[in-house]
Structures are given as structure tokens and as C-alpha cells.
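Remarks on the overall topology
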Amino acid sequence: HILAMEPFTFRKKWAVPVQGDHGRGERLRGVTSKHLLLETYVEEPRYDGSNPRKPRSMDFRCLSPADGKELWRAKIRKVMTFIHDGHVTLTQDVFYSADGTELVAVALDSGRELWRYESGSEISQVIALDQKVLFTTEDGRLVALHEATP
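Structural notes, computed from the coordinates. Here the residue index of a chain counts from 1 through its sequence in written order. For a predicted model such as this one, the threshold for reporting local features is a pLDDT of at least 70, and the threshold for listing and counting side-chain atom pairs is 80 or more; totals across whole chains, interfaces and linings nevertheless cover every residue. Side-chain figures throughout are based on the complete set of non-hydrogen atoms in the structure, without hydrogens or water.

A closer look at the pattern of salt bridges
Each salt bridge in this description consists of a side-chain nitrogen of Lys or Arg and a carboxyl oxygen of Asp or Glu lying within 4 Å of one another. The final tally for this structure, using the stated rule, is 10 salt bridges. Where Arg61 meets Glu70, a salt bridge forms, and the shortest distance between an N and an O atom there is 3.4 Å. With a closest N to O distance of 4.0 Å, Asp67 and Lys69 form a salt bridge. Here Asp67 falls in the partly exposed class, since its relative accessible area comes to 35%. Burial classification: accessible surface area is computed with a 1.4 Å probe over protein chains only, and a residue below 20% of its type maximum counts as buried, one above 50% as exposed, and the rest as partly exposed. You can call Lys69 exposed: its relative accessible area is 55%. One continuous salt-bridge network, built from bridges that share partners, spans Glu26, Arg61, Glu70 and Arg73.

A few points about the pairing of strand E8 (residues 87-90)
Examined bridge by bridge, E8 and strand E9 (residues 94-99) share four bridges and lie antiparallel to one another. Directly across from Thr89, in E9, lies its bridge partner Tyr96. The turn linking E8 back onto E9 is made up of three residues. By this definition, two strands are paired if DSSP reports at least two bridges between them. Labels follow the DSSP assignment, with helices taken as runs of H or I lasting at least four residues and strands as runs of E lasting at least two, numbered in each case from the N terminus.

Here we look at the sheet that holds strand E14 (residues 142-146)
Pairing is antiparallel in the open sheet, where three strands are placed in the order E12-E13-E14. This sheet does not close on itself; its edge strands, each paired only once, are strand E12 (123-129) and E14. Direction aside, neighbouring strands of the sheet carry axes that sit 20° apart on average. Summarising the sheet, E12 and strand E13 (residues 132-137) pair through five bridges and their orientation is antiparallel. Each bridged residue has a counterpart across the sheet, and for Ile127 the counterpart in E13 is Leu134. Axis definition: a line fitted to C-alpha atoms, over the contacting stretch in the case of helices. Angles run 0 to 180 degrees between N-to-C directions.

Written out as C-alpha cells, the structure reads:
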């Protein structure tokens, strides 16, 4: 469960169940004043070096911190790597999700995909700053994109 409590009294304000059974579950990926972003995950087989990238979809859902109500649910096609489980960065309006060589921008108010950028190399840490999205790549580049369009 995700549980919201009243400050100082610690009384339960609301609780929302999260998925979680046999290798599938949800994790909290970010919080803003208006959004709780959850990502559904599936445990992958142990990486053996034979197939480092595997296409699949990821589900995200967004809850209201005020009452725990679901604001939206979205399925985003991603390529997951076995090296890391992806990077998610939030601003007040957009969340950015990177896995493999792709960065995806999604509107926090609707769950609508805004744009997708293919870097050509494995993406590392993603940072959103001053209307720009910055990330490093495995081949040593620092890439800066305007948050509105890549």
C-alpha cells in the first residue's frame, strides 16, 4: 500500500494498494505537489550476456497526493536493459523515462507521450534543469535537449 498520513497527528489520510506478486509489482518513481508517479515492473531473468536488450512495455500510473485517486494510466513502449532498470526524472509538468538508448517525455497531467529521442548509445543519468533535459551516454557524450521538443 501507499499510505498518506496527516502531518503531526499521523492519522491515516488514505491508502492505495499497489501491485506486487511473483516478480511483478509497482514502485514509486517520483513525487511532485500534484502527482505520485508509479511504475509497474516485471523481474527479468538474470542477465547472461546473450541478449542485453529486450523490448517490452512499461505501465505507469499517476495518483493525486491529495486523495490517492488515480489521475491516469499509460503504457509506454521501452527497451529495458539488464544493466539498470531505467532512469526517471520529474519536473512539475513532465516526466522523462530513459532505458537503453531511448528517452521518452510524458505529460504528468495526462500521461500522454510528448516526444521520444533516440540517443544512439546507452543513456545514463537524466537531469531536468532550466527547461532543458540533460543526460550522459555510455560513449561519453553529454546531451542537452529543450524540454518542449528534442
